[in-house]
Amino acid sequence: IAATPVQMTDLERNLYQAAKAEGEVIWWDTGSLRDSVVFAKAFNDRYPGIKLTFYEINAVTTDQRYFMEHKAGRNPADVMHIDGYSKFKKEGLLKSMADIIKDTGYPEAFSNKDLDAVGIEHTVKGTAYNSKLVSKKDLPRSLEDLLDPKWAGKIAMDYQLKYFAYITDTMGQEKMIDYLKKLSKHKPMFSAGVTKTMTLLGAGEFQVATDSSLGVILKLQGDGLPVAWAPISPSVSQFNPHILIRDAPHPNAARLFLRWLMTAEGRSLVDTVRQKGNPWPGSGTAQSKALDQLGVKILVAPLEEGDIVDTQKRYQEAIGYVKGKIKFQ
């Protein structure tokens, strides 16, 4: 049932009236087209007359694609899920969300200090395993366990090594480099693309995968694949910035849509449809329950991913990754 103006805040009502005149909002996001249908229906039920146009994107290449379009003088998106916050910030492409954050009471802990990026989804990164091929007695319970020779030739790693970069402070960079050099003796296979990697894990192409996504694991478990989360602490809560583009073709609809994602309704869909709800202990989301059950601690990743680029390069060298040599992508 569509909301009546009485049920809306003043800001929401004003945005809705202006958004109806624009008629559309364009959302670039890493979720699936199938999932987007659920979001579109719920959004349209709340705000009739605004078309939600969804583009399924790849987190690794999306930023590059957007900047190519922008350089050509095109503004193809309103709301975006991005990977590299720093470049968008440097180019002056972000708009403040202070008003909609305040209007919804959205936790500022899920935004950055400038309030121009918000974490709508929570990607939890860590280690997953094939539950048919790995017995409970052999289950890795720490990163050190992965150095056991029994894992030789059985580990897949995302070539970007973000998880290891994020947890650097828990070990120190030099000790992490030493660890990765030891792990390199197991001849790990390098991959790109979380969902495909997790699907191949379920198919038995390898037994363990680092830099995995808990949300994807929960989805694949629901599909019947034999994949599970390893009880290795910490798992990392990666900040997934959603932003409003400064030159958005539908600025009011963009602000209204992102505001809606911040509400209880939007956040509930993020949890139930994408399994990317708030992972903090006791929050009651699917991710929170899974981590609580395993006793896995959470570490918050930095927003400014540009800060880890040099670390990633050092770690790639330590693990023996050769640029372009990706077995699974």
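Just above, that's the structure.
Note that the structure is a prediction, hence the values are computed from the model and not measured.

1. Considering the overall build of the protein
In terms of regular secondary structure, the protein is built from 14 helices and 10 strands. Over its C-alpha trace the protein gives a radius of gyration of 20 Å, about what one expects of a compact globule, namely 20 Å for 329 residues. Evaluated residue by residue, the protein yields a buried proportion of 53% over its 329 residues. For the protein, long-range pairs separated by at least 24 residues make up 79% of all intrachain contacts whose partners lie at least 6 apart in sequence. Total accessible area computed for the protein in this model is approximately 14,900 Å², and 51% of it derives from carbon and sulfur atoms.

2. Topic: the packing of helix α11 (residues 251-262) against helix α12 (residues 264-274)
Where α11 contacts α12, the axes come no closer than 4 Å and their chain directions differ by 70 degrees. It follows from the interaxial angle that α11 and α12 lie roughly perpendicular. For the pair α11 and α12, contact is made by W260, L261 and M262 and by A264, E265, G266, R267 and L269, respectively. Here the contact of α11 with α12 is built from residues that sort into 5 nonpolar, 1 polar and 2 charged.

3. Looking at the nonpolar core
With 51 residues, the main nonpolar core has F88 and L258 as its most contacted residues. Those residues within four positions of L258 in sequence are excluded, and the remaining contacts are V79, M97, I100, V118, I120, H242, I243 and L244. Of all hydrophobic cores here, the second largest spans 34 residues; its members include V134, I155, Y315 and A318.

4. A closer look at the pairing of strand β7 (residues 208-213)
Across the 6 residues of β7, 6 count as buried, placing the element largely inside the fold. Across 2 bridges, strand β5 (residues 155-158) lies against β7 in parallel orientation. Bridge pairing in β7 links I155 to V208.

5. Overview of the pattern of salt bridges
One pass over the full model with this rule turns up 18 salt bridges. Each of E12, R46, D103 and R259 takes part in salt bridges that share partners, so that together they form one network.

6. Remarks on the environment of T195
Examined against the element boundaries, T195 turns out to sit in helix α9 (residues 194-203). Exposure remark for T195: the relative accessible area of 47% places this residue in the partly exposed category. T195 sits 25 residues away from L220 along the chain, and the two C-alpha atoms are 8.9 Å apart.

What counts as what
- Residues numbered from 1 in each chain as written.
- Predicted model: local features only at pLDDT ≥ 70, side-chain atom pairs only at ≥ 80, totals over all residues.
- Heavy atoms only, no water.
- Helix = DSSP H or I, 4+ residues; strand = E, 2+ residues; numbered from the N terminus.
- Rg over C-alpha atoms; globule rule 2.2 N^0.38 Å.
- Buried < 20%, exposed > 50% of the residue type's maximum accessible area, 1.4 Å probe, protein only.
- Contact = heavy atoms within 4.5 Å.
- Areas by Shrake-Rupley, 256 points an atom, 1.4 Å probe, with all protein chains shown as cover.
- Axes fitted to C-alpha atoms, helices over the stretch in contact; angles between N-to-C directions.
- Parallel < 35°, antiparallel > 145°, perpendicular 65-115°, else oblique.
- Nonpolar A, V, L, I, M, F, W, Y, C, P; charged D, E, K, R; others polar.
- Core = buried A, V, L, I, M, F, W, Y, C linked by side-chain atoms within 4.5 Å.
- Pairing = 2+ DSSP bridges.
- Salt bridge = Lys/Arg side-chain N within 4 Å of Asp/Glu carboxyl O.

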